[in-house]
Amino acid sequence: MLGHGVPKDCTRSAANYEIVAGTAVAENQRIGYTQNVEMLRLSEEYEKSGDQIQSEEDVVSYYQYAGDSSALVHVGNLHLQGAYGIEQDYAKALEFFTKAAQQGSAAAMSNIGFMYQNGYGVAQDNTTALKWYKQAAEKKNAHAMTNLGLMYLKGWGVTQSYAEAFRYFTSASELGFADGHLYLGHMYFNAWHVKKDLAKAINLYTAAGQQGNTGALFALGQVHLMGQEVASIIAPNCQLAVTLFKKVAEKGTWTTLMQDGFDLFEHGDYERALLFYERSAIMGYEVAQSNAAFLY
């Protein structure tokens with residue numbers, strides 16, 4: 001891309017970034033969520049008062065003991081993914097989601113369905129997942145609608161139906177949900193159940209990408225490499241494709257090295273934090289390079 005020691009070649013650069021970005025999207029889709037990574041500059045954090053870190057712990061404690069359904073879902077998500085100092089614990093996540101679902105939380109119902117669909121802390125069970133998703137979808141939960149759409153699109157525990165998938169994705173998209181936009185865009189892009197419509201697909205990808213959706217950013221990057229096929233809709237831009245692929249690559253599961261570094265820094269283990277930031281810096285993360293320099 002920059003021509004360091006080799007001729008500049010945006011096409012080759014885009015192809016290389018596309019491979020890494022595609023791996024990141026596939027891995028995030030496999031686990032069902034994008035990693036929560038603290039992309040913070042230590043030099044800026046150092047300038048803040050020590051109360052900032054304590055306040056984050058206080059916020060987590062508040063959510064954990066508040067008891068209302070939204071707080072229960074929030075803490076459940078922290079246990080599900082392992083974030084903000086909370087260890088990943090599927091059993092605790094399910095416990096918090098169940099309590100919230102008993103209070104009528106559609107988000108909790110959807111998350112329980114998600115855990116059964118993926119076998120997180122429970123035996124994988126599409127039938128049970130479908131039951132929870134449908135309960136949440138009846139309460140207009142867009143996450144559940146999207147996952148129901150995926151189940152019908154892929155034929156997971158149900159008879160495959162593009163019509164049903166389209167219906168659920170459309171409902172989620174109308175609620176402004178990024179993944180709803182993304183998968184409805186895929187249906188228009190691939191002519192699944194509907195006539196192929198690249199303009200609609202690109203508009204939907206753009207709407208999802210504006211929310212930071214990695215799958216949509218990846219799709220937009222690929223669109224920008226399509227040349228004349230999309231020239232009447234957007235101006236193909238190889239450099240923009242590289243930028244989009246790079247953003248996606250920085251959301252891959254390997255970025256947890258950054259999170260590990262930040263967690264160690266927070267707990268005063270600066271020597272080990274430096275090792276994690278150095279490993280991330282070698283992978284090209286500018287924030288990691290900055291943090292490694294700060295720790296020196």
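Details of the structure are given in the entry above.
The structure presented is a predicted model; accordingly, all values stated were derived computationally and were not measured.

How should I be thinking about the overall build of the chain in this particular structure?
When its secondary structure is counted, the chain shows 16 helices and zero strands. The proportion of buried residues among the 296 residues of the chain is 44%. When contacts within the chain are restricted to residue pairs at least 6 apart in sequence, those whose partners lie at least 24 apart make up 52%. Summing over all exposed atoms, the chain offers an accessible surface of approximately 15200 Å²; the carbon and sulfur share of this is 50%.

Would you mind going over the packing of aromatic side chains with me for this structure?
The description of an aromatic ring pair rests on the distance of the ring centres and on the angle between the ring planes. As enumerated under the stated definition, the model contains eight aromatic pairs in all. Seen in terms of ring centroids, phenylalanine 169 and tyrosine 183 are 5.4 Å apart; in terms of plane orientation they differ by 20°. Their pairing is stacked. Separated by 14 residues along the polypeptide, phenylalanine 169 in helix 9 (residues 162-174) and tyrosine 183 in helix 10 (residues 178-190) bring together distant segments of the chain. Taking the relative accessible area as the measure of exposure, tyrosine 183 reaches 12% and is therefore buried.

Help me understand the pattern of salt bridges in this model?
Side-chain pairs of opposite charge can arise whenever the charged atoms involved come near each other. Under the criterion given, the structure shown has four salt bridges. Its salt-bridge partner being glutamate 164, residue arginine 167 comes within 2.9 Å of it at the nearest N-O pair. In this pair, arginine 167 and glutamate 164 both sit in helix 9, three residues apart, roughly one turn of the helix. The class for arginine 167 is partly exposed, based on a relative accessible area of 41%.

Any chance you could explain the state of the cysteines here in plain terms?
Here is the idea: a disulfide is a covalent bond, and it sits between the sulfur atoms of two cysteines. If you walk through the whole model with that rule in mind, you get one disulfide. For cysteine 10, the disulfide goes to cysteine 238, at an S-S distance of 2.0 Å. Given an S-S torsion of about -110°, the disulfide between cysteine 10 and cysteine 238 has left-handed geometry. Taken as a pair, cysteine 10 in helix 1 (residues 10-31) and cysteine 238 in helix 13 (residues 238-249) lie far apart in primary sequence, 228 residues in all. For cysteine 238, a relative accessible area of 22% gives the class partly exposed.

Quick question: what am I supposed to make of the nonpolar core here?
Buried together is how nonpolar side chains tend to be arranged in soluble globular proteins. Phe97 and Phe169 are the most contacted members of the largest nonpolar core, which totals 66 residues. If we ignore the near neighbours within four places in the chain, the residues touching phenylalanine 169 are Thr146, Gly149, Leu150, Leu153, Gly180, Tyr183, Leu184 and Met187.

I would appreciate a short explanation of the packing of helix 8 (residues 142-154) against helix 10 in the present structure.
To describe two helices that pack against each other, one gives the angle between their axes and the distance between the axes. Contact geometry of helix 8 with helix 10 gives a least axis separation of 9 Å together with a crossing angle of 30°. Relative to helix 10, the element helix 8 lies roughly parallel. In this structure, helix 8 crosses over helix 10, and the sense of that crossing is left-handed. Side by side, helix 8 and helix 10 meet where Thr146, Leu150 and Leu153 of the first sit next to Asp179, Gly180, Tyr183 and Met187 of the second. A per-class count over the contact of helix 8 with helix 10 returns four nonpolar, two polar and one charged.

Any chance you could explain helix 1 here in plain terms?
Because the α-helix completes a turn every 3.6 residues, residues three or four places apart line up on one side. For helix 1, built from 22 residues, the straight-helix expectation of 32 Å at 1.5 Å per residue is met to within 8% by its first-to-last C-alpha distance of 31 Å. Those residues of helix 1 that fall on the buried side of the exposure criterion are Cys10, Ser13, Ala14, Ala21, Ala24, Val25, Asn28 and Ile31. Summarising the contacts, the buried residues of helix 1 are in contact with helix 6 (106-118), helix 12 (214-223) and helix 13. At the N-terminal boundary of helix 1, the capping side chain belongs to aspartate 9, with an oxygen 3.2 Å from the backbone nitrogen of threonine 11. Backbone geometry just after helix 1 places glycine 32 at a positive phi near 95°.

Could you clarify how one ought to interpret the environment of isoleucine 233 in this entry?
Locating isoleucine 233 in the fold gives a position in the loop between helix 12 and helix 13. Sequence spacing of isoleucine 233 and lysine 200 is 33 residues, and the spatial spacing of their C-alpha atoms is 9.9 Å. The residues touching isoleucine 233, leaving out its near neighbours within four places in the chain, are Leu198, Ala199 and Ile202.

Teacher, can you tell me more about the packing of helix 1 against helix 13 here?
In the contact formed by helix 1 and helix 13, the axes pass within 8 Å of each other and the chain directions differ by 30°. One way to sum up the angle between helix 1 and helix 13 is to call them roughly parallel. As for the relative orientation of helix 1 and helix 13, their crossing is left-handed in sense. Contacts between helix 1 and helix 13 involve Cys10, Thr11, Ser13, Ala14, Tyr17, Glu18, Val20, Ala21, Ala24 and Val25 from the former and Cys238, Gln239, Val242, Phe245, Lys246, Val248 and Ala249 from the latter. Here the contact of helix 1 with helix 13 is composed, by residue class, of 12 nonpolar, three polar and two charged.

What counts and what doesn't
Residues numbered from 1 in each chain as written. Predicted model: local features only at pLDDT ≥ 70, side-chain atom pairs only at ≥ 80, totals over all residues. Heavy atoms only, no water. Helix = DSSP H or I, 4+ residues; strand = E, 2+ residues; numbered from the N terminus. Buried < 20%, exposed > 50% of the residue type's maximum accessible area, 1.4 Å probe, protein only. Contact = heavy atoms within 4.5 Å. Areas by Shrake-Rupley, 256 points an atom, 1.4 Å probe, with all protein chains shown as cover. Phe/Tyr/Trp six-rings, centres within 6.5 Å; stacked < 30°, edge-to-face > 60°. Salt bridge = Lys/Arg side-chain N within 4 Å of Asp/Glu carboxyl O. Disulfide = S-S within 2.5 Å. Core = buried A, V, L, I, M, F, W, Y, C linked by side-chain atoms within 4.5 Å. Axes fitted to C-alpha atoms, helices over the stretch in contact; angles between N-to-C directions. Parallel < 35°, antiparallel > 145°, perpendicular 65-115°, else oblique. Left-handed = near helix turned anticlockwise from the far one by under 90°. Nonpolar A, V, L, I, M, F, W, Y, C, P; charged D, E, K, R; others polar. Expected span 1.5 Å × (residues − 1). Polar contact = N/O pair within 3.5 Å; in protein donor to acceptor, adjacent residues only side chain to side chain.

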